[in-house]
Amino acid sequence: MINIDNNELMSIDGGISTWTAVGIGAAVVFLIGVVDGFFRPLKCN
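Residues numbered from 1 in each chain as written. Predicted model: local features only at pLDDT ≥ 70, side-chain atom pairs only at ≥ 80, totals over all residues. Heavy atoms only, no water.

Caption draft 1: Representation of the overall build of the protein chain in the model. Looking only at helices and strands, the protein chain features two helices and zero strands. Within the protein chain, the proportion of its 45 residues that are buried is 0%. Counting every atom, the protein chain has about 4,700 Å² of accessible surface; 67% of that belongs to carbon and sulfur. (Helix = DSSP H or I, 4+ residues; strand = E, 2+ residues; numbered from the N terminus. Buried < 20%, exposed > 50% of the residue type's maximum accessible area, 1.4 Å probe, protein only. Areas by Shrake-Rupley, 256 points an atom, 1.4 Å probe, with all protein chains shown as cover.)

Caption draft 2: Seen up close, the packing of aromatic side chains. Within this structure, the stated rule accounts for one aromatic pair. Measuring from ring centre to ring centre gives 5.2 Å for Phe38 and Phe39, while their planes differ by 85 degrees; the resulting arrangement is edge-to-face. Taken individually, Phe38 and Phe39 each receive the classification exposed, so the pair is uniform in this respect. (Phe/Tyr/Trp six-rings, centres within 6.5 Å; stacked < 30°, edge-to-face > 60°.)

Caption draft 3: Layout of the pattern of salt bridges. Here the structure, examined in full by the defined rule, presents one salt bridge. Across the pair Arg40 and Asp36 runs a salt bridge, and its minimum N-O distance is 3.0 Å. (Salt bridge = Lys/Arg side-chain N within 4 Å of Asp/Glu carboxyl O.)

The structure is reproduced here in structure tokens:
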């Protein structure tokens, strides 16, 4: 196994950014809510 220092770690590109993951998660939750509301509408109290 090769040990690399902090500068080499910071220069590695790739993966997914945190904000992209949050945006994808929010979109999935929103779409699930829309589908749930369409198929199972509940009355407001």
